[in-house]
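So the chains spell out like this:
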2 protein chains.
Amino acid sequence: MTIEAEGQRMKRVVQTAAALLIGSELLSGKTRDENLHSLAATLRALGIRLTRAVFVADEEGAIAAEIRALSSTVDVVFSSGGIGPTHDDVTIDALARAFDVPLLVRAELEALLLSEHGAPLSAAYQRMALAPEGAQLVASGEVRWPTIVMQNVWVLPGIPEIFRMKLAVVREHLRGPGPFFSRAVYTQLDEVSLKPQLDATVARFPDVEVGSYPKWQDHSYRTKVTFDAASAALANAALEDFCQNLPSAEVVRTE
Amino acid sequence: MTIEAEGQRMKRVVQTAAALLIGSELLSGKTRDENLHSLAATLRALGIRLTRAVFVADEEGAIAAEIRALSSTVDVVFSSGGIGPTHDDVTIDALARAFDVPLLVRAELEALLLSEHGAPLSAAYQRMALAPEGAQLVASGEVRWPTIVMQNVWVLPGIPEIFRMKLAVVREHLRGPGPFFSRAVYTQLDEVSLKPQLDATVARFPDVEVGSYPKWQDHSYRTKVTFDAASAALANAALEDFCQNLPSAEVVRTE
């Protein structure tokens, strides 16, 4: 309990986040991105609001411009991809450019590479020892290789399995101001029929985010309506308000 | 043959595209996006370069700002989502705001809604008859409901099944300047070992886009190297140049 509480206190509290997904293969349709959804679900569970996600190709200038734009508008940015040793891995270079600092050899990274691969390090490994001046190296019990964090930008790898592994480091270090509370109702009515009740509940609950999602080619329900709020009581109240105006035969289930 | 050639001539030629994926549920991790990959693959096959993709929540101001930014930097923008009748469907409003024009009832849309649902149209259906002033309605043989195109912004629905259906309209009306040619080699070497050969081929073929993709937890190969060019001859030449410097035992296959 004490250790848990201690860990909680040490986490940095952030409200908003953005994702920067880097890789020409994601925009050419060669590869289907998996990382946005993993990140979104992780941040949601932490109570951090992901407000924007941007996909760009492996181009240093474009990546640097995005980093600059995103890092100035949200509390924390997570990049994915472009951090290997090859010519198309330019995220670290772009990061240095975005913050207008040089790349420097980091003794901690160099030592890790030397212990793994022996001396002398090839050009490829030398490149992997670089970080922008002023970057933090965030370590974790679970993940051996440290994560580069430059100001509010966390640099995560593109390979989905390693990306998901690294999310443990995010969970160890960051949290939102409080959890999100969600309720949902599945109904047999379409959005057009639901609009009057939806509009009424939206008007009565300005602090609840109400979402309406029609289902296509699934006959178990037609529309899912979600209620997201900062407290369970508020989410519940909005759901109950909405259901009260709905014929009970049209409600498939709530969750 | 004549009809085919006629069809080809009538397509508008565009070089670059961007995607705007709209929906709070995509950023909260509730829903996994499927549309970016479908769009990317479709554009790739048409020879159109997708240079950027942005995910935003259902907020009119944020969507309008993105539409404005994207439509001024690429030839064509495709939005996905936010076009139903409910309060959280604000793409059409955002589109009008982005181009600073009013929303008007479109007679063609109203007629379609009346023929489907009869008079009088409910508030929900009335909303679905609106389009920004000056928008085109792009029809298609395959898809009954017309697609709203405002200047260079194509408005597509968010539901993946309907989104994919609507891509037929895109294929009917747009094409790139020419097809892309891709080759790939799968090797047993890791990126660090491949770096010298990669750098040499990249330097010798400045017009070929060379990508290097390590595979994780798959033992059939370690790295996939791709060569993308405007001609088959150029893609082939780069692949051959690269393979020439590779021990043949390390090449799993080429494609």
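Each remark here, short or long, concerns the structure printed above.
Residue numbers run consecutively from 1 along every chain, following the written order of its sequence. All chains are assigned letters beginning at A, and all ligands numbers beginning at 1, according to the order in which they are written. Local features in a predicted model are, by the rule used here, given only for residues with pLDDT of at least 70; side-chain atom pairs are given and counted only at 80 or more, and totals for whole chains, interfaces and linings are based on all residues. Side-chain descriptors were evaluated using all non-hydrogen atoms of the structure, hydrogens and water having been removed beforehand.

### Some details on the relation of the copies chain B and chain A
Using the following cut-off: Superposition of the copies used a least-squares fit over C-alpha atoms from residues whose pLDDT is at least 70 in both. The contact rule is simple, with two residues in contact once any of their heavy atoms fall within 4.5 Å.
It takes a turn of 180° to lay chain B on chain A, together with a shift of 0.0 Å along the axis; the resulting RMSD is 0.0 Å. Taken together, the turn and the small shift mark the pair as related by a two-fold rotation axis. Minimal C-alpha distance to the rotation axis in chain B is attained by V54 of chain B, lying at 2.2 Å. Here 100% of the contact residues of chain B are again contact residues in chain A; the copies associate through an equivalent surface.

### Let's talk about the packing of helix α9 (residues 191–204) of chain A against helix α10 (residues 232–244) of chain A
Residues and elements named next belong to chain A. The condition is simple: To obtain each axis, a line is fitted to C-alpha atoms, and for helices this fit is confined to the stretch in contact; angles are then taken between N-to-C directions over 0 to 180 degrees. Only DSSP runs of H or I covering at least 4 residues are called helices, and only runs of E covering at least 2 are called strands; the numbering of each starts at the N terminus. Crossing handedness is defined as follows: a turn of the near helix away from the far one that is anticlockwise and smaller than a right angle gives a left-handed crossing, while the clockwise case is right-handed. Polar here means any residue outside two lists: the nonpolar Ala, Val, Leu, Ile, Met, Phe, Trp, Tyr, Cys and Pro, and the charged Asp, Glu, Lys and Arg; Gly therefore counts as polar.
Running from N to C, α9 and α10 point in directions that differ by 145°, and their axes come no closer than 9 Å. Helix-helix and strand crossings are classified by hand; for α9 and α10 the assignment is right-handed. Where α9 abuts α10, its residues L194, Q197, L198, T201 and R204 lie against A238, D241 and F242. Partitioning the contact of α9 with α10 into residue classes produces four nonpolar, two polar and two charged.

### Focus: the interface of chain B and chain A
As a reminder, the rule being used: Each of two parts loses accessible area, computed with a 1.4 Å probe, when they are put together; buried area is these two losses added. One side-chain nitrogen of Lys or Arg within 4 Å of one carboxyl oxygen of Asp or Glu is enough to make a salt bridge. Strands are labelled as partners when DSSP assigns at least two bridges between them.
The interface of chain B with chain A comprises 55 residues on the first partner and 55 residues on the second. Carbon and sulfur atoms make up 58% of the surface buried where chain B meets chain A, a total of about 4500 Å² over both sides. Broken down residue by residue, the surface that chain B buries against chain A is led by H37, H87 and W216 of chain B, which jointly contribute 14%. Remark: the boundary between chain B and chain A carries four salt bridges. A salt bridge links R52 of chain B to E66 of chain A, with the shortest nitrogen-to-oxygen separation between them at 2.3 Å. Those elements that provide at least two residues to the side of chain B that touches chain A are α2 (24–27), α3 (35–46), β3 (49–56), α7 (123–127), α8 (160–173), α9 (191–204), β12 (209–214) and β13 (223–229) of chain B. With seven residues, the top contributor of residues to the side of chain B that touches chain A is β3 of chain B. Split into classes, the residues belonging to the side of chain B that touches chain A amount to 25 nonpolar, 15 polar and 15 charged. Two strands pair when backbone bridges link them, and strand β3 (residues 49–56) of chain A and β3 of chain B are joined in this way by five bridges, in the antiparallel orientation. Bridging from a neighbouring strand, F55 of chain A pairs with A53 of chain B of β3 of chain B.

### Describing the pattern of salt bridges
Definition in use: Relative accessibility under 20% of the residue-type maximum defines a buried residue, over 50% an exposed one, and the middle range a partly exposed one, all with a 1.4 Å probe and only protein chains included.
By the definition in use, this model includes 20 salt bridges over all chains. Between E60 of chain A and R97 of chain A there is a salt bridge, with the nearest N and O atoms lying 3.2 Å from each other. With E60 of chain A in helix α4 (residues 60–71) and R97 of chain A in helix α5 (residues 91–98), this pair connects stretches of sequence that are 37 residues apart. You can call R97 of chain A partly exposed: its relative accessible area is 45%. Ionic contacts of the salt-bridge type, sharing partners, join the residues K30 of chain A together with R44 and D228 of chain B into one network.

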